[in-house]
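Here is what each chain is made of, one letter per residue.
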Amino acid sequence: PGVVEEESKAPVHRPLAPWIAGGAAAIAIVPAIYLLNLRPLFLAHDVIAALSVLQGGGRLVESRAYFEKAFSYPGLRSQEAIEQMAELVPQIVAARAATEPAEARLFVDRAIRELTALTNSPAVEVKHLLMLGDVYTSASAIEPPYEPPYRPFALESYNRALAISPNNEQIYVALSN
């Protein structure tokens, strides 16, 4: 039964247009929520999967594929994903460059490409320049060596960090290595 007015006892008819408009708005909002909120979750999932593959002793090609997928989401540039990949480079060079040299190079090259893009912004952070220098330093240990050698690129990255933060002790430690 509908709402009944006290005096007339006749049901009141409410218009359906607001309900239809509300339903249409809800249908339009669902894709927006997906695009705005779920893609970062998928990105995080891919980064975690990439890390899990390596922790489980999996192949570099599989881990790199997850990172590539994380980097492929349009409109998202995850500093966390780039940092996680960069932090893996020294371990990969030390443990996998001899057994999977081609994949180790591809992994290192992708980390360098992402960090270079990240450090080309005017608002570059010292920690990213340090990471880039560390990745270049690690990559310079791969045999046969890269041409041109990566050591000068590492020094350039550390010097850029030093120009931004001349009192940062971590930069001096990195330069001494």
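Here the structure is shown first, and the text comes after it.
Residues numbered from 1 in each chain as written. Predicted model: local features only at pLDDT ≥ 70, side-chain atom pairs only at ≥ 80, totals over all residues. Heavy atoms only, no water.

A. Here's a closer look at the overall build of the protein. Helices and strands together make up the secondary structure of the protein, namely seven helices and zero strands. If you list the helices and strands of the protein from N to C, you get α-α-α-α-α-α-α. In the protein, which comprises 177 residues, the proportion classed as buried is 37%. Counting only carbon and sulfur atoms, one obtains 62% of the accessible surface of the protein, whose full area is about 10,900 Å². (Helix = DSSP H or I, 4+ residues; strand = E, 2+ residues; numbered from the N terminus. Buried < 20%, exposed > 50% of the residue type's maximum accessible area, 1.4 Å probe, protein only. Areas by Shrake-Rupley, 256 points an atom, 1.4 Å probe, with all protein chains shown as cover.)

B. View of the packing of aromatic side chains. For the structure shown, the criterion picks out six aromatic pairs. Ring geometry for phenylalanine 67 against phenylalanine 107: centres 5.9 Å apart, planes inclined by 80 degrees, an arrangement best described as edge-to-face. Within this pair, whereas phenylalanine 67 is found in helix α2 (residues 60–71), its partner phenylalanine 107 is found in helix α4 (residues 101–119), the two being separated by 40 residues in sequence. You can call phenylalanine 67 buried: its relative accessible area is 0%. Geometrically, the ring pair formed by tyrosine 136 and tyrosine 150 is edge-to-face, given 5.0 Å between the ring centres and 65 degrees between the ring planes. Linking tyrosine 136 in helix α5 (residues 126–139) with tyrosine 150 in the loop between α5 and α6 (151–164), this pair joins segments that are 14 residues apart in sequence. Relative accessible area serves as the criterion here: at 9%, tyrosine 136 is assigned to the buried category. The ring of tyrosine 146 has arginine 105 lying over it, and the distance from NZ or CZ to the ring centre is 4.3 Å. (Phe/Tyr/Trp six-rings, centres within 6.5 Å; stacked < 30°, edge-to-face > 60°. Lys NZ or Arg CZ within 6 Å of the ring centre and 35° of its normal.)

C. A look at the side chain of histidine 128. Along the chain, histidine 128 turns up in helix α5. Note on histidine 128: relative accessible area 2%, which makes it buried. A polar contact is formed between the side chain of histidine 128 and the side chain of glutamate 83, at a distance of 2.8 Å. Not counting residues within four places of it along the chain, the set of residues in contact with histidine 128 comprises Gln79, Glu83, Leu115, Leu118 and Thr119. (Polar contact = N/O pair within 3.5 Å; in protein donor to acceptor, adjacent residues only side chain to side chain. Contact = heavy atoms within 4.5 Å.)

D. Structural view of the nonpolar core. Core analysis: the largest hydrophobic core is formed by 44 residues, its most contacted members being Phe67, Phe107, Val108 and Leu115. Leaving out residues up to four positions away in the same chain, phenylalanine 107 has contacts with Leu54, Leu60, Ser63, Arg64, Phe67, Met85, Leu88, Val89 and Ile92. (Core = buried A, V, L, I, M, F, W, Y, C linked by side-chain atoms within 4.5 Å.)

E. Focus on unusual backbone geometry. Between glutamate 147 and the following residue, proline 148, the backbone shows a cis peptide bond with an omega angle of 0 degrees. As for its position among the elements, proline 148 is in the loop between α5 and α6.

F. Spatial organisation of the packing of helix α3 (residues 79–96) against α4. Two elements in contact, α3 and α4, have axes separated by 9 Å at closest approach and are oriented at 145 degrees. Here α3 runs over α4; the crossing is left-handed. Only Pro101, Ala104, Phe107, Val108, Arg110, Ala111, Glu114, Leu115 and Leu118 of α4 make contact with α3, whose side of the interface consists of Gln79, Ile82, Met85, Ala86, Leu88, Val89, Ile92, Val93 and Arg96. Its residues assigned to classes, the contact of α3 with α4 comprises 14 nonpolar, one polar and three charged. (Axes fitted to C-alpha atoms, helices over the stretch in contact; angles between N-to-C directions. Left-handed = near helix turned anticlockwise from the far one by under 90°. Nonpolar A, V, L, I, M, F, W, Y, C, P; charged D, E, K, R; others polar.)

G. Structural context of the packing of α6 against helix α7 (residues 169–176). Put simply, α6 and α7 touch, their axes get as near as 10 Å, and they point 160 degrees apart. Taken as axis vectors, α6 and α7 run roughly antiparallel relative to one another. Considering the relative orientation of α6 and α7, their crossing is left-handed. Residues Leu155, Tyr158, Asn159, Ala161 and Leu162 of α6 form the contact with α7, whose participating residues are Ile171, Tyr172, Ala174 and Leu175. Classifying every residue of the contact of α6 with α7 gives eight nonpolar, one polar and no charged. (Parallel < 35°, antiparallel > 145°, perpendicular 65-115°, else oblique.)

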